[in-house]
Amino acid sequence: MSIGILGIGTLVHAADVISVQPLTDNILLIHFGEGKVTHHGIGQKRSDEQVVISPLDVARASLTDSYLISSKTDASYRAPQHPASTSRKSKGTDFAWFVDSFVDGHAVNKRPDHVSEHWLYLHLPKPMRPGQAYTLNLGSLASNGPMWTLKFDPKTSTSEAVHVNLIGYAPIAPEKFGYVYHWMGDGGSLFLQSLKDRQFALLENSSRKPVFTGKVKFRKDEKNQETYHKSDSPPYGNFLNAEVYECDFSTFTRPGRYVLSVEGIGTSQTFAVNADVYKEPFRVTARGLYHNRSGIELKKPFTEFTRPAPHNPALTPGFKGKLVYSTLSSLDYNSESGTKAMIEPTIKGPLDDAWGWYQDAGDWDSYSSHLRVAKELLLAYELAPKNFRDGELNIPESGNGVPDILDEAAWLPRFCYRLRHELLRKKWGTGGIGLRVAGDAFGGDGEGMPSWKDVNRLYVVSGEDAEATYSYAGVAANLAYCLELAGAKDPGGVDWQKEAIEAYKWAALNTPARHEPKVKDVRAYASASLYRLTRDRDFEQAYAKQSSDISATTLLNGNRLYAAATYAFSKMGSRGVSALATKLEAAIIHTADFICVETREKRALRWGGDFGMPMLIGQQTTPWVLEGAIGYKITQKNDPVRAKKYLAALYTTCDYFLGTNALNMTWVTGLGPRHPNQVFHMDDWYNGKNAFHPGIIPYGPWRKEKEVAAGPWDADWPNSTVYPAIDKWPGNERWYDNRCSPMNSEFTIHQNTAPAAAIFGFLCGEAKK
């Protein structure tokens, strides 16, 4: 072995090896990391962040002469061999939020502002033999040692090319797939034609004995179009840029823990087959909602991620008198939060008891759209009430006799209730509510400041408006219905039916013509919800009129979907189905077909969703397939073949977001063996734990929007750190753990957390008593 060839000498600066593992029997994968970022904490400035970096010599790492592979047991490598060729991909994976200067409006940093990771692929001159041990000599490329040993065994060697749901598979899932694929950067797709009809096996995890075998089959090629927006993942609109082979074990149902082993490749990470395998994803994401409640202290025994109460006039030091009511409706704001000049003259005074909305990641405001949380959790409960029980989420309401999912669904309605009644008591309102609560018009949050210290500005509750009030009416009616379904009374003694009716009547009398476009769909939701609860024909007739533009071929979403489902469910099992219900069922089926059948079959990894949705706000991280769960209920008895397709799509979609994706990770912090490491959640930045609470689903991979980014907060900022160039990168791999970028790593409770909790809850199986 020539020491000169490998460049062994004094180690001045070198990256660390994170792992060395086979990708296939013919390719070794070396994962390098360059350092770490020390992020600013509570009371510190962003400019205090520090980056410690030991860069990889990528030029030398790309040379075949930099590596020697040898083996004492494989004759082909008894004499050390150089790889035949190398390939590489690299990207920034942690970023500091500071700016040294600006040039032409773009940030310029003179000091290192990120650390990168690199994946080097060594294409071997001859395949490794099963069961044989090999030594890789890296010379001075890595600071943590030149010699690395490994054993190639398809039963024990984990390969990044084998993808499974990392949490697991439910025995009743109609379809269960693992996949084999990989993108190697400038090496392109891992081509696997030799895999066709090779054997795969499910191996019992501890013994590695086979319990199921099958043949590997081709699924889709790397040019398969997976979105209408080809520019999201050029050149073909394929989110993987790799050909995909599949391993079908749909008929396997035996509970246990397993790995998927593929001949000539290696194994997946460990996963479970179990009836309650979705309990943990549901629990973690639903508790993610709890961790983003405003107005209460987060404390033990409910969480280790403790936090004082933010934005509660009675509990937050310095916030008394800072939560005020304005008569100006947010529908009449000239921007998202309005301006001080327009709001200040309309302020009536401070509120005392109107606390307890939800907060998101980087701001701590309330929006009318947040009521989506309640709408989807209530739908999940109605779709599968036996899946949920009291006490399963370990939240403050646990043990009150109400299933925890309903307690969480009631969190924001309770804020609405407190707000509505305080406005009535103070004679500032006449029975409606507004749900925009924000401090932006009166100052900004500061560096190093968590939500519970945000007390130096006014927070304004917007004036009554019909959109928020109709939305509240619909949610209150559905909450009342679900409590009846659960055989439970409201623990707080609220008469939700009375609330719903009063709120609906107020909104009906207080909708100016200029607000009609924003009110139309949510009014229909409230009408359908109140009809289902009360069976009052006036509400039915109102909904019939409000849904008259829906046809059998209408694609439903948002409040139109919730309303149609609520009304259609109200007619299931009735004698003589109405023409309206028939039309709505047809529209629901048409929508579910599009989301969960057509889109799914176009994608290699069988995940559903809107084929026209661009790659942003969670398109690559969040299972937006509630339409399929609703369609399943509609068709379960009368069209079981179609219902089975919907159910299969729900499971395979969740497979994608829980592990079969290109990064082999779940998209939920704290869930599974690999998940997002850095997200935009300011309270967790300043919690003193250097960790993020479980249950955060970030926006994730974001489509490229510009060539030159403005600064670390820009979603395009990491694009300059990648190799090959960003336009070569598959969309599913454009994740950088860039906590600085809201568009990349922020989340909202209504766009990301609640939809995932609803679907995981629907799939989680009957609750154990």
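Residues numbered from 1 in each chain as written. Predicted model: local features only at pLDDT ≥ 70, side-chain atom pairs only at ≥ 80, totals over all residues. Heavy atoms only, no water.

Hey, could you run me through unusual backbone geometry in this one?
Note: most residues except glycine have negative phi, and most peptide bonds are trans. Cis peptide bonds are those with omega within 30 degrees of zero, and the linkage from Pro234 to Pro235 qualifies with 5 degrees. Within the fold, Pro235 resides in the loop between β17 (217–220) and β18 (244–248). For the bond running from Tyr723 to Pro724, omega is -5 degrees, close enough to zero to count as cis. On the secondary structure map, Pro724 appears in the loop between α16 (682–685) and α17 (742–745). Its identity is not glycine, yet Arg208 carries a phi of approximately 60 degrees, on the positive side. Inspection of the secondary structure assignment puts Arg208 in the loop between β15 (199–204) and β16 (210–215). For Asn394, which is not glycine, the phi dihedral falls at a positive 50 degrees. Looking at the secondary structure, you find Asn394 in the loop between α5 (372–383) and α6 (404–409). (Helix = DSSP H or I, 4+ residues; strand = E, 2+ residues; numbered from the N terminus.)

Just to check I follow, could you spell out the pattern of salt bridges for this structure?
Close approach of charged atoms allows side chains with opposite charge to pair. Evaluation of the coordinates by the stated rule reveals 43 salt bridges. Notably, a salt bridge pairs Glu304 with Lys300, separated by 3.6 Å at the nearest N-O pair. The residue Asp714 makes a salt bridge to Lys706 at a minimum N-O spacing of 3.2 Å. Bridged by salt links that share partners, the residues Glu175, Arg219, Arg600 and Glu601 form one connected network. (Salt bridge = Lys/Arg side-chain N within 4 Å of Asp/Glu carboxyl O.)

Explain the side chain of Asn661 here, please?
Inspection of the secondary structure puts Asn661 in the loop between α15 (640–660) and α16. Asn661 sits in the buried class, given a relative accessible area of 0%. Apart from the residues lying within four places of it in its own chain, the contact partners of Asn661 are His163, Tyr181, Leu605, Tyr656, Trp667 and Asn732. (Buried < 20%, exposed > 50% of the residue type's maximum accessible area, 1.4 Å probe, protein only. Contact = heavy atoms within 4.5 Å.)

Even after reading the chapter, I still don't get empty space enclosed by the protein, so can you show me in this structure?
One way to see where empty space is left: roll a probe the size of a water molecule over the atoms. Evaluation of the coordinates by the stated rule reveals five cavities of 30 Å³ or more. The calculated volume of the largest cavity comes to roughly 90 Å³. Residue composition of the lining of the largest cavity, by class: three nonpolar, five polar and three charged. The computed volume of the second largest cavity comes to approximately 60 Å³. Forming the walls of the second largest cavity are Lys375, Leu378, Leu379, Glu382, Asn478, Cys482, Tyr525, Arg532, Tyr562 and Thr566. (1 Å grid on protein atoms, 1.4 Å probe; cavity = no way out; pocket = protein on both sides within 12 Å on 5 of 7 lines; lining within 4 Å. Points joined across faces, edges and corners; volume = space filled by probe spheres on them. Nonpolar A, V, L, I, M, F, W, Y, C, P; charged D, E, K, R; others polar.)

Would you explain the packing of aromatic side chains in this entry?
Here the distance between the centres and the angle between the planes together describe a pair of aromatic rings. Summed over the entire model, instances satisfying the criterion amount to 39 aromatic pairs. Considering the side-chain rings of Phe218 and Tyr245, the 5.3 Å spacing of their centres and the 75 degrees angle between planes classify their relative orientation as edge-to-face. A residue pair is termed long-range when its members are at least 10 positions apart, and Phe218 in strand β17 and Tyr245 in strand β18 qualify at 27 residues. A relative accessible area of 40% means that Phe218 is categorised as partly exposed. Taking relative accessible area as the criterion, Tyr245 reaches 4% and is therefore assigned buried. Ring plane angle 50 degrees and centroid distance 5.8 Å describe the contact between Phe239 and Trp607, whose orientation is recorded as tilted. A residue pair is termed long-range when its members are at least 10 positions apart, and Phe239 in the loop between β17 and β18 and Trp607 in the loop between α13 (579–602) and α14 (626–635) qualify at 368 residues. What makes Phe239 buried here is its relative accessible area of 0%. Through a chain of ring-to-ring contacts, three or more aromatic side chains come together here, namely Tyr169, Phe200, Phe212, Phe249, Phe252, Tyr258 and Phe271. Its guanidinium or amino end placed over the ring of Phe611, Lys602 lies 4.5 Å from that ring's centre, counting from NZ or CZ. (Phe/Tyr/Trp six-rings, centres within 6.5 Å; stacked < 30°, edge-to-face > 60°. Lys NZ or Arg CZ within 6 Å of the ring centre and 35° of its normal.)

Help me understand the sheet that holds strand β1 (residues 16–24), please; the structure alone is not making it clear to me.
Two pairing modes exist for strands in a sheet, parallel and antiparallel, and in both the strands are linked by backbone hydrogen bonds. Pairing is antiparallel in the open sheet, where four strands are placed in the order β1-β2-β9-β6. This sheet does not close on itself; its edge strands, each paired only once, are β1 and β6 (85–95). Across the sheet, the axes of successive neighbouring strands diverge by a mean angle of 20 degrees, strand direction being ignored. Inspection of the sheet shows β1 paired to strand β2 (residues 27–33) by seven bridges, in the antiparallel sense. Each residue of the ladder has a partner; that of Ser19, found in β2, is His31. (Pairing = 2+ DSSP bridges. Axes fitted to C-alpha atoms, helices over the stretch in contact; angles between N-to-C directions.)

Before we go on, may I ask you to explain the side chain of Thr303 in this structure?
Summarising the element assignment, Thr303 is placed in the loop between α3 (279–290) and β22 (323–329). Take Thr303: its relative accessible area is 5%, and that puts it in the buried class. At 2.9 Å, the side chain of Thr303 and the backbone nitrogen of Phe305 are in polar contact. Non-local contacts of Thr303, meaning those with residues more than four positions away in its chain, are made with Arg287, Tyr290, His291 and Leu298. (Polar contact = N/O pair within 3.5 Å; in protein donor to acceptor, adjacent residues only side chain to side chain.)

How should helix α11 (residues 537–546) be read in this particular structure?
Residues spaced three or four apart along an α-helix face the same direction, because each turn holds 3.6 residues. Along α11, the residues that are buried comprise Phe539, Glu540, Ala542, Tyr543 and Gln546. The buried residues of α11 occupy one face: seen down the axis, they fall within an arc of 160 degrees. For α11, the exposed residues set more than 90 degrees away from the buried face come down to Arg537, Asp538 and Lys545. At its buried positions, α11 is contacted by α9 (496–509), α10 (516–534), α12 (558–571) and α13. Put simply, Asp536 is the residue that caps the front of α11, since its side-chain oxygen is 2.8 Å from the backbone nitrogen of Asp538. (Arc of directions from axis to C-beta.)

Is there a simple way to think about the sheet that holds strand β11 (residues 147–152) in this case?
Across the sheet, which stays open at both edges, the three strands sit in the order β5-β10-β11 with antiparallel pairing between neighbours. Each edge of the sheet is formed by a strand with only one pairing partner; in this case those strands are β5 (68–70) and β11. Each strand of the sheet is rotated relative to its neighbour by a mean of 25 degrees, with strand direction disregarded. Relative to strand β10 (residues 132–137), β5 runs antiparallel, the two being bridged by three bridges. Within β10, the position partnered with Leu68 by the bridge is Asn137.

Help me understand the packing of α5 against α14, please; the structure alone is not making it clear to me.
Packed helices, taken two at a time, are described by their axes: the angle between them and the distance between them. At their nearest, the axes of α5 and α14 sit 11 Å apart, and the two run at 30 degrees to each other. When the interaxial angle is binned, α5 and α14 end up roughly parallel. Judged by the sense of rotation from one axis to the other, the crossing of α5 with α14 is left-handed. On α14, the residues that touch Glu376, Leu379, Glu382 and Leu383 of α5 are Leu626, Ala629, Ile630 and Lys633. Taken together, the residues of the contact of α5 with α14 break down into five nonpolar, no polar and three charged. (Parallel < 35°, antiparallel > 145°, perpendicular 65-115°, else oblique. Left-handed = near helix turned anticlockwise from the far one by under 90°.)

How do you make sense of the environment of Gly628 when you look at a structure like this?
By the secondary structure assignment, Gly628 is in helix α14. For Gly628, a relative accessible area of 0% gives the class buried. Through-space distance from the C-alpha of Gly628 to that of Ile759 is 9.5 Å; in sequence the pair is 131 residues apart. Apart from residues no more than four positions distant in its own chain, Gly628 is found in contact with Ala592, Cys596, Tyr646 and Leu650.

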